[in-house]
Amino acid sequence: MSSRRVAFIIYSYPLGVSTMVVNSIELFARKGFTVDVFIDAETLAASPVSFNNPDIKFKVYDRNRMFRLRLARFVADKYNRWFKPSGKTAQILPVSMAVARVLPMLYFFSVWLHRELEAYNYSYVIPVENLSLLAVNCVTGSHQVVYYNMELMDWKEDNPLYSNKLFWKTLEYRAIKGVDRVTIQNRQRAEAFARINDFDLQNMCILPVASMGEPCEQRSSFFRDKFDIPGDHVVVIYAGNFAEWSCCRDIICSVHAWPDKVSLIMHTWNQWSLGTDYFKGMLEDAAGLPVFFSTEYITLENMASALSSADIGLMFYQAIDDNFTEIAYSSNKLGEYLKAGLPVVCSDFPTLRDVVETWSIGAVASSPDQLATLLPAVIAGLDGMHLNAVNCYRQHFRFELFFEEFYDNLEKGMCPDRREY
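Residues numbered from 1 in each chain as written. Predicted model: local features only at pLDDT ≥ 70, side-chain atom pairs only at ≥ 80, totals over all residues. Heavy atoms only, no water.

Draft legend 1. Structural context of the overall build of the protein chain. Helix and strand counts for the protein chain come out as 19 helices and 13 strands. A burial count over the protein chain gives 57% of its 421 residues as buried. In the protein chain, the proportion of contacts linking residues at least 24 apart, taken out of those at least 6 apart, comes to 73%. (Helix = DSSP H or I, 4+ residues; strand = E, 2+ residues; numbered from the N terminus. Buried < 20%, exposed > 50% of the residue type's maximum accessible area, 1.4 Å probe, protein only. Contact = heavy atoms within 4.5 Å.)

Draft legend 2. Here's a closer look at the sheet that holds strand β8 (residues 234-239). Taken together, the six strands give an open sheet; going across it, the order is β10-β9-β8-β11-β12-β13, and neighbouring strands pair in parallel fashion. Where the open sheet ends on each side, the last strands, each with one partner, are β10 (291-294) and β13 (362-365). Sheet twist, expressed as the mean angle between neighbouring strand axes with direction ignored, is 20 degrees. Summarising the sheet, β8 and strand β11 (residues 312-315) pair through three bridges and their orientation is parallel. Looking at the pairing, Val 236 lines up with Ile 312 of β11. Relative to β11, helix α15 (residues 332-339) is tilted by about 175 degrees, and along the sheet it contacts β8, β11 and β12 (344-347). (Pairing = 2+ DSSP bridges. Axes fitted to C-alpha atoms, helices over the stretch in contact; angles between N-to-C directions.)

Draft legend 3. Focus on the sheet that holds strand β6 (residues 181-184). Read across the sheet, seven strands follow the order β3-β2-β1-β4-β5-β6-β7 without closing on themselves; strand pairing throughout is parallel. Looking at the sheet topology across the chains shown, the edges are occupied by β3 (56-61) and β7 (204-206). Each adjacent strand pair in this sheet contributes to an overall mean axis angle of 20 degrees, direction not counted. Strand direction decides the pairing type here: β6 and β7, joined by three bridges, are parallel. Paired with Val 182 across the bridge in β7 is Met 204. In the packing of helix α6 (residues 104-117) onto the sheet, the strands contacted are β1 (5-10), β2 (34-40) and β3, and the crossing angle to β2 comes to about 160 degrees.

Draft legend 4. Region of interest: the packing of helix α13 (residues 300-307) against α15. Between α13 and α15, the shortest axis-to-axis distance is 8 Å and the interhelical angle comes to 60 degrees. Accordingly, the angle class assigned to the pair α13 and α15 is oblique. Note that α13 runs across α15; the crossing there is right-handed. Between α13, through Leu 300, Met 303, Ala 304 and Leu 307, and α15, the contact on the second element is made entirely by Glu 336, Tyr 337 and Lys 339. In terms of residue class, the contact of α13 with α15 is made up of five nonpolar, no polar and two charged. (Parallel < 35°, antiparallel > 145°, perpendicular 65-115°, else oblique. Left-handed = near helix turned anticlockwise from the far one by under 90°. Nonpolar A, V, L, I, M, F, W, Y, C, P; charged D, E, K, R; others polar.)

Draft legend 5. Region of interest: helix α12 (residues 277-286). Taken together, the buried positions of α12 are Tyr 278, Phe 279, Gly 281, Met 282, Asp 285 and Ala 286. All buried residues of α12 lie within an arc of 155 degrees about the axis, which places them on one face of the element. Exposed and oriented more than 90 degrees from the buried face of α12 are Asp 277 and Glu 284. Buried residues belonging to α12 abut α11 (248-254), β9 (262-267) and β10. A positive backbone phi angle near 80 degrees is found at Gly 288, which sits one or two residues after α12. (Arc of directions from axis to C-beta.)

Draft legend 6. Seen up close, the pairing of β9. Judged by how many residues are buried, β9 sits mostly within the fold: six of six residues are covered. Of the two faces of β9, both are covered, the one formed by Val 262, Leu 264 and Met 266 as well as the one formed by Ser 263, Ile 265 and His 267. Here β8 pairs with β9 via six bridges, running parallel. Bridging across to β9, Val 235 finds its partner in Ser 263. Note that the unit made of β9, α12 and β10 has a crossover that is right-handed. (Right-handed = clockwise from strand over helix to strand, strands pointing away.)

Draft legend 7. Examining the pairing of β11 more closely. Of the two faces of β11, the one holding Ile 312 and Leu 314 and the one holding Gly 313 and Met 315 are both buried throughout. Relative to β12, β11 runs parallel, the two sharing three bridges. Opposite Leu 314, over in β12, you have Val 345 as the bridge partner.

Draft legend 8. Main features of helix α7 (residues 129-137). Counting buried positions over the nine residues of α7 gives eight, a clear majority of the element. Those residues of α7 that fall on the buried side of the exposure criterion are Glu 129, Asn 130, Leu 131, Ser 132, Leu 133, Leu 134, Ala 135 and Val 136. Along its buried surface, α7 packs onto β1, α5 (95-102), α6, β4 (124-127), β5 (144-148) and α8 (165-176).

Draft legend 9. Up close: the pattern of salt bridges. The tally for this structure, following the rule as stated, stands at 19 salt bridges. The salt bridge partner of Glu 172 is Lys 169, with a shortest N-O separation of 2.7 Å. Of the two residues, Glu 172 and Lys 169 both sit in helix α8, three residues apart, roughly one turn of that helix. Taken individually, Glu 172 and Lys 169 each receive the classification buried, so the pair is uniform in this respect. Across the salt bridge formed by Asp 348 and Arg 353, the nearest N and O atoms sit 2.6 Å from each other. Judged by relative accessible area, Arg 353 falls into the partly exposed class, the value being 30%. Here the salt bridges share partners, and the residues they tie into one network are Glu 214, Glu 217, Arg 394, Arg 398 and Glu 400. (Salt bridge = Lys/Arg side-chain N within 4 Å of Asp/Glu carboxyl O.)

Here it is in structure tokens:
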């Protein structure tokens, strides 16, 4: 067992579908670290992952067994209803007290985490996303904290990913002052993060979201078999969250004008989204169309193989802020599509357009309405684009290559990376 240890802290962030995090855990272990993954049980159950490596150990916090958490949840719900948390509240109260009042489950997680981290001297403590960062911020110690920022949160009040956004942003901003390094996915996001958070760009490391392992050389028939789709049909797939910001209803509505013998698969891992009004609208939009819904959880280990049974991958986002428009190197979709050898049709954002046009792997569109016009040309060039997608993955989206540079810089204290991605 290695004498060096690294701790990944994951609270309410979907580990099993987060390629950057899962791959980082695996590669830290390959570097000789013992990796402890501190995670709450509910998060692990929602998107599970397993590692075939004895140096990677899960330390799971099961909040549902504790009566005091149920009581705390009740009290917090009442408090938040009567006194809506605000950015001012987050400025006045100590971070731990603000967390305890608004999200007591996270506070108790941080208390448990504090006790657990005292057992070892960790080389790196890596909180993933803002809630995990707040849990670590409530902990004292001499560990080097490396914040994996996954969702770039700015100071605008409205954002579909957050409720009480300014409250959580203020707490994140305060907690960031206590970290040693921030890891983010590309240069443009790093510059935005530094500007938003008054953070020194020299203390930021670049690590793109990308897939790991060999690409799919043999295409599977997973989704074709699952939905009994004829062999002469082209299969277009969207794999991700079912949400308004990912334009899912717009994608489905565009199918009315698609060419014949082209089917659409909508796949998600997120069971929570299936109970929303938005998903009900998706079902209504799809009535009578060649649209199929896949809602079972597919492990990251099997995802690229399953995707390879399709022909084209879709990724669309509303242009809400930098978190959405600077998505080329922070989206799980693109890396997995390329690993599966799928050409893509995606939002016409600058970095996405650059990847698509440089490698000739598909087409960009201002909105899903353009799919009917763009699909015929992509379908006609599928064979060449399939090869281009695999080459793009091997040369430009292979996570192992990114991690080597990231790790070397982290060990030497020489952030950020200087690559132009």
